[in-house]
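Here is what each chain is made of, one letter per residue.
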Amino acid sequence: MIRLFHRWIGVPAAVILCVIAMTGVGLAFFPVNEALQTSSAHGINVGDLAARVQAAQPTVEQIRRSPSGRFTAFYFEGEQPASAVIDPQTGKAVGPADTSSVQRWLTSLHRSLLLGDAGRIVSAVGAVAMFILSLSGILLLKRRAGGWLMILRPVRGQGQGRLHSVVSRLALPGLVLSSLTALLMSASTFGLIPEGDGGPSFPQTVSGRTGADPATMPKLQMTPVDEMISLSFPVSSDASDVYTLKTSLGEGYLDQGTGELVAWADAGWTDQLLSFVRTLHTGQGMAWLAVLSAASALSIPLLSWTGVAGWLAGRSSRRLKSHPAELADTVVLFASEGGTTAGFANTLHAALVEQGLKVHLAPMTRFDPPRWAAAKRIILLAATYGDGAAPSIAQNFLGSLQQHDARPNVQLAVLGFGDRSFPSFCGFAAEVAQVAEAKGWKELLPFDTVDRQSPQDFARWGQHLSEALGLTFELNHVRAPAQTMDLTLISRRDYGAEVQAPTSILKFAFPKTSCWKRILGNGVPNFQAGDLVGIVPEGSDLPRFYSLASGKRDGFLEICVRRHAGGLCSGQLTSMEPGDTIKGFVRSNPSFRPARGKKPVILIGAGTGIGPLAGFARANSSRRPIHLYFGLRHPESDALYSEELATWTEDGRMSSVSLASSRSPVPAYVQDILRKDAENLRRLLASGAQVLVCGGREMASGVASAISDILAGQGLSLAELKAEGRYAEDVY
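Residues numbered from 1 in each chain as written. Predicted model: local features only at pLDDT ≥ 70, side-chain atom pairs only at ≥ 80, totals over all residues. Heavy atoms only, no water.

1. Remarks on the overall build of the protein chain
Item 1. Along the protein chain, the regular secondary structure elements total 20 helices and 25 strands.
Item 2. Taken against the 2.2 N^0.38 rule, which gives 27 Å for 732 residues, the C-alpha radius of gyration of the protein chain at 36 Å runs more than 25% over that of a compact globule.
Item 3. When its C-alpha atoms are laid out on the principal axes, the protein chain stretches across 110 × 65 × 55 Å.
Item 4. Relative to its full complement of 732 residues, the protein chain shows a buried share of 48%.
Item 5. Taking the intrachain contacts of the protein chain between residues at least 6 apart in sequence as the baseline, contacts between residues at least 24 apart amount to 71%.
Item 6. Entry remark: accessible area of the protein chain is about 35800 Å², with carbon and sulfur atoms responsible for 54%.
Item 7. Taking the average location of the 67 positive side-chain charges in the protein chain and that of its 61 negative ones, the two points are 5 Å from each other. (Helix = DSSP H or I, 4+ residues; strand = E, 2+ residues; numbered from the N terminus. Rg over C-alpha atoms; globule rule 2.2 N^0.38 Å. Buried < 20%, exposed > 50% of the residue type's maximum accessible area, 1.4 Å probe, protein only. Contact = heavy atoms within 4.5 Å. Areas by Shrake-Rupley, 256 points an atom, 1.4 Å probe, with all protein chains shown as cover. Lys, Arg positive; Asp, Glu negative; His and termini not counted. Charge placed at Lys NZ, Arg CZ, Asp CG, Glu CD.)

Laid out in structure tokens, this is it:
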């Protein structure tokens, strides 16, 4: 809703906002130029200034000080009025005071679009639009980042959408200030803000004398020129006339014969507020603020372009629009960890819409049957993360499914996506199907699965679906090619040959990208240890994923790879030499990384599973407690990261390292050292520690069993740890 609101205000207002912004940039030049050309008046009072100007220009009528500190004197040359910029140190003219035609034209265009009062209304509407866009933009940035605490983190994504987010994050403070001050100034122009009480009443009686020297008048001597707005001189031939002094603090009259202050009124709060607002908006008197405001204003054309271009690109890429949930007869929901299952959902959506169905497509987080009054069927496409777990986006879906009763006239189908080599193949999807059956949902199709993103499996299931619906269509899913980058090998370290488990730590350099590509999001994406890199081997278009042992801040991309007999990708990777390149892409894996905070982290792994765990330790600059339990074959053969682990233990990035060697004189596996350290683990888990497990499935199963035994009788279970997000696995 916020995004639609933001879009439907921003697109129509783009032209007006660009005109206002660019004229504002032009006007910002003038206060900066004035500040650079204005002589210092520090330490001078109004009395001395008045005396100096009067000595240089005996016919002076008024002296004005602009917010930028420039002084202008108005006087007569013969019978003709004249004006000049003056040097406050001497009182003499140093240049003309006329406003340039360019400045007058820009001011009129900025304030009223050269259209008078009607234009002022349009400009005010533009200010309202800018203020609303700024606030909604802040909310969208917060939602995109995942919360207020993460709003300053590097922006993910690519292309114009990322550029729009990056620029808006930098410009929004200035845009909020400019639009809010513009609104207040417009409100004042149209009389919506009450005016102050004005100056004091003109004095009825004065001394009747003339000719006092301004330099001797106490009030003028006490007033520094930095507070002065204007000083009007009396007509010397009129003994009833007076000096009029206006300052930022108030306005008053002085007897021209005695210098006595005969009337004074303090400035009202509205006058002070509007004066401050005017300074904030124009930058007059604050040259640095004018520069920052101009920089923010310059972002508006760029934001308008990226916003409109992104909207148009979105419209053109959306071949079919998702139907409103309340009116749809078919609801398709998906749970995807890396976006692949979402692609299958889009293919299904397109096929059903072409058959004339009204289809609503959304993530599983939008599961809300009471809203779907017109729905006849619900189709759930659920990926499986790790060893049978739900994707991070759907971790609470089962609870939501349990809360809602079955709709009597609605049928439901569940299609699982996973890898058949895992014991818990499509475990999450299977559990969804079981819960749906237990809740009494009518079955549209029996539970089915897709193995390793197989288009053939998906097409087979689509044939069954078309028959169940009494329609004729095919699901021809074409996998979108990943946008890869060239990764160049910097170095390699080899282990495990002696124990018939050849393993390498491979360090890659990022491809060089221009600054503009990085701004557009076409450079190396942000990533952390625990995220995944998809390597596309030669001779295959199916990527193989490896857990990252480094983050982008480390300046390189590092993985651990074990060579498997006949393994296409592992064979190519472990045969690389420094200087060789291979294609890959980064995929986020937010479910597998240390949680924010300072609570302890327990890292458990074996073999190449040490990779992301080492990356977590490398990134532990806050020195939170991290305890590693690592299983290997032999310490003299495949002790991966042994040197780094020693260094990190010394500098505090690791609190402890416990090793289990399966081919040492006293063989042990990682679950054995867990049981041996049971008391310490109970203490850590009771204090809120998080457990991260990485490695093979058999190892992960043994670790889960050991942790369950350790927690027995402690009032805490493995299931509870998983439900709280304190136990996560990355298994293969």
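2. Quick notes on unusual backbone geometry
Item 1. Even without a glycine there, the phi angle at Cys 426 is positive, about 55 degrees.
Item 2. Positionally, Cys 426 belongs in the loop between strand E12 (411–418) and helix H11 (427–438).
Item 3. The phi dihedral of Arg 623 is positive, around 60 degrees, even though this residue is not glycine.
Item 4. In this fold, Arg 623 is placed in the loop between helix H15 (610–618) and strand E22 (626–632).

3. A short note on the sheet that holds strand E8 (residues 261–266)
Item 1. Ordered in space as E4-E3-E2-E1-E5-E6-E7-E8, the 8 strands form an open sheet in which the pairing is antiparallel. Either end of the sheet is taken by a strand with one partner, and the two such strands are strand E4 (93–95) and E8. Averaged over all pairs of adjacent strands, the angle between strand axes in this sheet comes to 25 degrees, irrespective of strand direction.
Item 2. Where strand E6 (residues 242–247) lies against strand E7 (residues 250–255), 5 bridges are found, and the strand directions are antiparallel. (Pairing = 2+ DSSP bridges. Axes fitted to C-alpha atoms, helices over the stretch in contact; angles between N-to-C directions.)

4. Description of the sheet that holds strand E21 (residues 601–606)
Item 1. Judged by pairing direction, the sheet is parallel, and its 5 strands sit side by side in the order E23-E22-E21-E24-E25 without closing on themselves. Every interior strand has two partners, whereas the edge strands, strand E23 (656–661) and strand E25 (727–731), have only one. Across this sheet, the average inter-strand angle for adjacent strands is 10 degrees, counted without regard to direction.
Item 2. In terms of strand pairing, strand E24 (residues 690–695) meets E25 through 5 bridges, oriented parallel.

5. Comments concerning the environment of Phe 202
Item 1. With respect to the helices and strands, Phe 202 occurs in the loop between helix H5 (159–189) and helix H6 (218–222).
Item 2. Through-space distance from the C-alpha of Phe 202 to that of Ala 263 is 7.6 Å; in sequence the pair is 61 residues apart.
Item 3. Apart from the residues lying within four places of it in its own chain, the contact partners of Phe 202 are Ser 240, Asp 241, Val 242 and Tyr 253.

6. A short note on the pattern of salt bridges
Item 1. Taken as a whole and judged by the stated rule, the model has 16 salt bridges.
Item 2. Here Asp 486 and Lys 583 are joined by a salt bridge, their closest N and O atoms 2.9 Å apart. One end of the pair, Asp 486, is in strand E15 (residues 485–495); the other, Lys 583, is in strand E20 (residues 581–587), with 97 residues separating them in the sequence.
Item 3. Looking at Asp 486, the relative accessible area reads 36%, which means it is partly exposed. (Salt bridge = Lys/Arg side-chain N within 4 Å of Asp/Glu carboxyl O.)

7. Describing helix H7 (residues 269–282)
Item 1. Compared with an ideal rise of 1.5 Å per residue, which puts 14 residues at 20 Å, H7 spans 20 Å between its outermost C-alpha atoms and is within 8% of the ideal.
Item 2. Thr 270, Leu 274, Val 277, Thr 279, Leu 280 and His 281 are the residues of H7 that are buried.
Item 3. Gly 283 occupies a position one or two residues after H7 and carries a positive phi of about 80 degrees. (Expected span 1.5 Å × (residues − 1).)

8. As for helix H18 (residues 678–686)
Item 1. Inspection of H18 places Ala 678, Asn 680, Leu 681, Leu 684 and Leu 685 among the buried residues, and these make up the whole buried set. Looking down the long axis of H18, one finds its buried residues gathered within 160 degrees of arc, a one-sided arrangement. Residues of H18 that are exposed and angled more than 90 degrees away from the buried face: Glu 679, Arg 683 and Ala 686.
Item 2. Along its buried surface, H18 packs onto E21, E22, helix H17 (670–676), E24, helix H19 (697–711) and helix H20 (718–723).
Item 3. Once H18 ends, the next one or two residues include Gly 688, with phi positive near 100 degrees. (Arc of directions from axis to C-beta.)

9. What about the pairing of strand E17 (residues 532–536)?
Item 1. Counting buried residues along E17, 4 of its 5 residues qualify, which places the element largely inside the surrounding structure.
Item 2. Looking at chain direction, E17 and strand E18 (residues 544–547) are connected through 4 bridges and run antiparallel. When the sheet's bridge partners are listed, Leu 532 is paired in E18 with Ser 547.
Item 3. Relative to E20, E17 runs antiparallel, the two sharing 5 bridges. Paired with Leu 532 across the two strands is Arg 587, which belongs to E20.

10. Regarding the confidence of the model for the protein chain
Item 1. Of the residues in the protein chain, 92% reach a pLDDT of 70 or more, and the chain-wide mean stands at 86.
Item 2. Per-element averaging of pLDDT across the protein chain places helix H13 (residues 515–519) at the bottom with 58 and H15 at the top with 97. (pLDDT = per-residue confidence, 0-100.)

11. Comments concerning the state of the cysteines
Item 1. Across all of its chains, the model carries 0 disulfides by this definition.
Item 2. Cysteine Cys 694 remains unbridged, with the sulfur of Cys 560 as its closest cysteine sulfur at 9.1 Å. (Disulfide = S-S within 2.5 Å.)

12. Structural notes on the packing of aromatic side chains
Item 1. Here the structure, examined in full by the defined rule, presents 11 aromatic pairs.
Item 2. Look at Phe 344 and Phe 458: their rings are 4.9 Å apart centre to centre, the planes differ by 75 degrees, and that puts the pair in the edge-to-face class. Within this pair, whereas Phe 344 is found in helix H9 (residues 340–354), its partner Phe 458 is found in helix H12 (residues 455–469), the two being separated by 114 residues in sequence. Accessibility assignment for this pair places Phe 344 and Phe 458 in one class, buried.
Item 3. Between Phe 458 and Trp 461, the ring centres sit 6.0 Å apart and the planes meet at 20 degrees, which makes this aromatic pair stacked. Of this pair, Phe 458 and Trp 461 both sit in helix H12, 3 residues apart, which is roughly one turn of that helix. (Phe/Tyr/Trp six-rings, centres within 6.5 Å; stacked < 30°, edge-to-face > 60°.)

13. Quick look at the packing of H9 against H12
Item 1. Two numbers describe how H9 lies on H12: the axes approach to 12 Å, and their chain directions differ by 35 degrees. Considering only the axes of H9 and H12, their crossing is right-handed. The segment H9 lies against H12, with Phe 344, Thr 347, Leu 348 and Leu 352 engaging Phe 458, Trp 461, Leu 465 and Leu 469.
Item 2. Along the lines of polarity and charge, the residues of the contact of H9 with H12 split into 7 nonpolar, 1 polar and no charged. (Left-handed = near helix turned anticlockwise from the far one by under 90°. Nonpolar A, V, L, I, M, F, W, Y, C, P; charged D, E, K, R; others polar.)

14. Observations regarding the pairing of strand E16 (residues 503–509)
Item 1. With 5 of its 7 residues buried, E16 lies for the most part within the structure.
Item 2. In this structure, E15 lies alongside E16, joined through 7 bridges in antiparallel fashion. Directly across from Ser 491, in E16, lies its bridge partner Lys 507.
Item 3. Both E16 and strand E19 (residues 557–562) contribute to a ladder of 6 bridges, which runs antiparallel. In the strand pairing of E19, Lys 507 is matched with Glu 558.

15. Remarks on the environment of Gly 555
Item 1. In this fold, Gly 555 is placed in the loop between E18 and E19.
Item 2. On the accessibility criterion, Gly 555 (46% relative accessible area) is partly exposed.
Item 3. Distance from Gly 555 to Ala 309, taken between C-alpha atoms, is 32 Å for residues 246 residues apart in sequence.

16. Observations regarding a nonpolar patch on the surface
Item 1. Taken together, the side chains of Ile 121, Val 125, Phe 190 and Leu 192 present a nonpolar region at the surface, about 410 Å² in accessible area.
Item 2. Within the element layout of this structure, Leu 192 appears in the loop between H5 and H6.
Item 3. Relative accessible area serves as the criterion here: at 66%, Leu 192 is assigned to the exposed category. (Patch = residues over 30% accessible without salt bridge, like charges linked within 9 Å, V, L, I, M, F, W, Y side chains within 5 Å.)

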